[in-house]
Amino acid sequence: MPRRIVIGIRGVGHRVIDSIWRLGYASRFFLLTILKSGTGLRRFRLIIREVYFTGVLSLIIILVSGLFVGMVLGLQGYETLQRYGAESAVGTMVALSLLRELGPVVAALLFASRAGSAITAEIGLMKATEQLAAMELMAVDPIARVVAPRFWAGVISMPLLAALFSAIGVFGGYLVAVVLIGVDEGSFWSQMQDAVDFRYDIVNGVIKTCVFGVAVTAIAVFEGYDASPTAEGVSGATTRTVVTSSLAILGLDFVLTSFMFRGMS
Amino acid sequence: MQRTTMDLWVGIFVIAGIGALLVLAFKVGNLGTYSAADSYVVTGSFENIGGLKVRAPVKSAGVVVGRVTDIQFSTDTFDAQVIMSIDRRYQFPKDTFASILTSGLIGEQYIGLAAGGDEAVLKSGDKIMKTNSALVLEEMIGRFLFNKASEGDGKEKADAD
């Protein structure tokens, strides 16, 4: 009986040490990516290519979801606010919820599942087909040539995608509230401009998206690079990317929100 | 994919993203209507600010002319010091009257400025001398009930006589 307890405790210890080791490995990999990004930044074409794959190809899903999220916010906001006779505040509600929370978070979640999973699968497959090993043989550093450009492309794309998401979301709210339902257009925009502060709401939202961009792409490139070089390994790494980065986005969002919007409004 | 086509798409993407940020800043946000750079700061002390918050608007004749930037409590005079920044385009006389008002029945509170007749205008760092505190609903109800009660007392006494 004591023997089984010892084995159980040993199992717990093994898991803890394993996860700490992995965290350390991931942090060192992240530092190495930043240190070796000189090559990628000098050969900017590599980053442009990756911005096309992560940013431009994510445009459709970001724009369509942004439009619908804004339209639903407009409908639901109107439903609730008209009970209090405050239906002209629907613009304020749509803009503030998009700029502070929904824009950054939903765009980052979509980005993680659309672009992050693709990055992981690509790098993982490169590893499985021994392309990364072949690069090392040719004295080309795979972190500088493959990982760093993808990382920077994600960091550049994420804030732009989130800004487009919020902008088209506000437009969606305008379509529903003003065009469809008939809220007064002037008070829709003026109440919105009255309530939304550039420094407090917009800049904080952009800071959030930058943090999410770094987190999502760092997780995606690490999982791809760390994947076991088999078909199951790559599929498992892709799943882990989506799960881990979604949890990281939500956790980071709470931390950032509690620092940014604490006790002021 | 052709290199030039890819460049074109990335260019469109980046320009659209920056454009969206500008739209958010100017059309959705207040960067187009009010800038904090061109403003002067005045202080007003109020006995009671009610539910006034930082970033609440400062209005004159219903027009937003500035914003509340800070609220502090002074232990010298035991009242609230409200610091507001007012757009430099709007100059107010020295004896301007500041009062805390409420927009609508349950709306947010703001500072209303009513211009006085003084020749000299308020400058940065000046203090507004005439202020009017916020109406606190509990105090008003309390006063109302007190008045009613004392009225009733007076009547009973009159009947007894």
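The coordinates are above.
Residues numbered from 1 in each chain as written. Chains lettered and ligands numbered in written order. Predicted model: local features only at pLDDT ≥ 70, side-chain atom pairs only at ≥ 80, totals over all residues.

1. Topic: the nonpolar core
Okay, so step 1: Membership of the largest hydrophobic core comes to 79 residues, with the highest contact counts inside it found for A:A108 and A:V216.
Okay, so step 2: Elements with a minimum of two residues in this core: helix 3 (44-54), helix 4 (59-81), helix 5 (90-128), helix 7 (142-181), helix 8 (185-195), helix 9 (198-226) and helix 10 (231-260) of chain A together with helix 1 (3-28) of chain B.
Okay, so step 3: Per-element tally for this core: the top contributor is helix 7 of chain A, with 22 residues.
Okay, so step 4: Apart from residues lying up to four places away in sequence, A:A108 is in contact with A:M158, A:A162, A:T209, A:F212, A:V216 and A:I249.
Okay, so step 5: B:V42, B:L52, B:V58 and B:L113 belong to the second largest nonpolar core, which has 20 residues in total. (Core = buried A, V, L, I, M, F, W, Y, C linked by C-beta atoms within 7 Å. Buried ≥ 20, exposed ≤ 12 C-beta atoms within 10 Å, placed from the backbone. Helix = DSSP H or I, 4+ residues; strand = E, 2+ residues; numbered from the N terminus. Contact = placed C-beta atoms within 7 Å.)

2. Some thoughts on the packing of helix 3 of chain A against helix 7 of chain A
A pair of packed helices can be characterised by two numbers: the angle between their axes and the separation between those axes.
Residues and elements named next belong to chain A.
Okay, so step 1: It is the contact of helix 3 with helix 7, at a shortest axis distance of 8 Å, that shows an interaxial angle of 55 degrees. Taken together, the axes of helix 3 and helix 7 are oblique relative to one another. Handedness of the helix 3/helix 7 crossing: right-handed. Of the residues in helix 7, those touching helix 3 at L46, I47, E50, V51 and T54 are P149, R150, W152, A153, G154, I156 and S157.
Okay, so step 2: A per-class count over the contact of helix 3 with helix 7 returns seven nonpolar, three polar and two charged. (Axes fitted to C-alpha atoms, helices over the stretch in contact; angles between N-to-C directions. Parallel < 35°, antiparallel > 145°, perpendicular 65-115°, else oblique. Left-handed = near helix turned anticlockwise from the far one by under 90°. Nonpolar A, V, L, I, M, F, W, Y, C, P; charged D, E, K, R; others polar.)

3. What about the interface of chain A and chain B?
Okay, so step 1: The partner chain B presents 23 residues to the 25 residues of chain A that form the contact.
Okay, so step 2: When residues of the side of chain A that touches chain B are traced back to their parent elements, those giving at least two are helix 3, helix 5, helix 7, helix 8 and helix 9 of chain A.
Okay, so step 3: By residue number, the principal contributor to the side of chain A that touches chain B is helix 7 of chain A, which donates six residues.
Okay, so step 4: Its residues assigned to classes, the side of chain A that touches chain B comprises 17 nonpolar, four polar and four charged.

4. Remarks on the packing of helix 4 of chain A against helix 7 of chain A
Residues and elements named next belong to chain A.
Okay, so step 1: The contact between helix 4 and helix 7 brings their axes to 7 Å, and the two run at 40 degrees. Considering their axes alone, helix 4 and helix 7 lie oblique with respect to each other. Where helix 4 crosses over helix 7, the two elements pack in a sense that is right-handed.
Okay, so step 2: The class makeup of the residues in the contact of helix 4 with helix 7 is 19 nonpolar, six polar and no charged.

5. Remarks on the environment of A:A162
Residues and elements named next belong to chain A.
Okay, so step 1: Within the secondary structure, A162 sits in helix 7.
Okay, so step 2: The exposure class assigned to A162 is buried, which follows from the 33 C-beta atoms found within 10 Å.
Okay, so step 3: Discounting chain neighbours no more than four positions away, the residues touching A162 are G103, P104, A107, A108 and T209.

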